[in-house]
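Fold and geometry: a report
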Amino acid sequence: LLSRNIKIIGAHYSKQFLDLYGFRMLVSDYSALDADSGLILYYKGYARISNTEFVHSAQFSRNSDDDSKFGILFSNLGVYNNKRPSYVRNSAFHHNFGTTIGIFYSSSIPIENNVIYFTIDRAMNIKGSSNIIRGNLVTTNFWASTFFAWEAKFDNTFWAAISVQEAESVVLENNMVAGSERVGIYLIGDVCSGETLGAGYNHSI
């Protein structure tokens, strides 16, 4: 379930499991001043990831989401671009040191048919709207204080393996969480009878 021919591996070093420190991949937007025209040019990234094995991704951090050190973070991509789509499909992530996949301020990104084994705090942290979390297996999700035992009596966090409670809307279908030290799936719930999310939102739990 974990092996793939294409591999992205965070370089190992002797204190890595003490530091809980791996690699990061950020997919976002940025702006730059064009020297010739004097205009500010805006760029928006995208990543199409499939059939890839990720080893030692993410960096454990207590910082705010403004500096989220996730294995892969899709941030500020806005409305889904069908000509330059982003997705993560049929991939494997193992021995991760923090949240493996995150989506912020982005819409309709598919995260489908992936296996995530051994991650800390959360496997996925999904915000934004209409993002598609489908057919994923998450197993062996640790509470951070398992690694920082001296913090355990002060640590009242209850991160979920799949955390979607801050999403405006989400498609959450056919996922399995097998072994989480805190919460399996943390969600805000489905739309009540007679309520709607408005045009353009895709929601299914």
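Predicted model only: the values in this text are computed from it and were never measured.

As a further point, take unusual backbone geometry. The phi angle at Asn76 is positive, at roughly 60°, despite the residue not being glycine. With respect to the helices and strands, Asn76 occurs in strand E7 (residues 72-78). The exposure class assigned to Asn76 is partly exposed, which follows from its relative accessible area of 34%. Not every positive phi belongs to a glycine, and Phe118 is a case in point at roughly 65°. Mapped onto the elements, Phe118 comes out in strand E12 (residues 115-120). Overall, Phe118 belongs to the buried group, its relative accessible area being 12%.

This part covers the pattern of salt bridges. Here the structure, examined in full by the defined rule, presents 5 salt bridges. Taken together, the shared-partner salt bridges in this structure form one network comprising Arg89, Glu112, Arg134 and Glu173.

A contiguous nonpolar surface patch, about 400 Å² in accessible area, is contributed by Tyr30, Leu39, Leu41 and Tyr43. With respect to the helices, strands and loops of the structure, Leu39 is situated in the loop between strand E3 (29-33) and strand E4 (40-44). A relative accessible area of 53% means that Leu39 is categorised as exposed.

In terms of nonpolar packing, the biggest core is built from 26 residues, with Phe74, Val88 and Ile111 touching the most fellow members. Secondary-structure elements contributing two or more residues to this core are E7, strand E10 (101-106), strand E13 (124-126), strand E16 (160-163) and strand E17 (170-173). The greatest single-element share of this core, amounting to 3 residues, is contributed by E7. If sequence neighbours within four positions are ignored, Phe74 has contacts with Val27, Ala47, Ser86, Tyr87, Val88, Gly102, Ile103, Phe104, Ser106, Ile109 and Ile111.

With respect to the helices, strands and loops of the structure, Ala92 is situated in strand E9 (residues 92-94). Under the relative-accessibility criterion, Ala92 is labelled buried at 0%. Put simply, Ala92 and Leu137 are 45 residues apart on the chain and 9.6 Å apart in space, counted from C-alpha to C-alpha. Residue contacts for Ala92: discarding those within four places in its chain leaves Leu1, Leu2, Arg4, Thr52, Glu53, Phe54 and Val115.

Definitions and cut-offs
Residues numbered from 1 in each chain as written. Predicted model: local features only at pLDDT ≥ 70, side-chain atom pairs only at ≥ 80, totals over all residues. Heavy atoms only, no water. Helix = DSSP H or I, 4+ residues; strand = E, 2+ residues; numbered from the N terminus. Buried < 20%, exposed > 50% of the residue type's maximum accessible area, 1.4 Å probe, protein only. Salt bridge = Lys/Arg side-chain N within 4 Å of Asp/Glu carboxyl O. Patch = residues over 30% accessible without salt bridge, like charges linked within 9 Å, V, L, I, M, F, W, Y side chains within 5 Å. Areas by Shrake-Rupley, 256 points an atom, 1.4 Å probe, with all protein chains shown as cover. Core = buried A, V, L, I, M, F, W, Y, C linked by side-chain atoms within 4.5 Å. Contact = heavy atoms within 4.5 Å.

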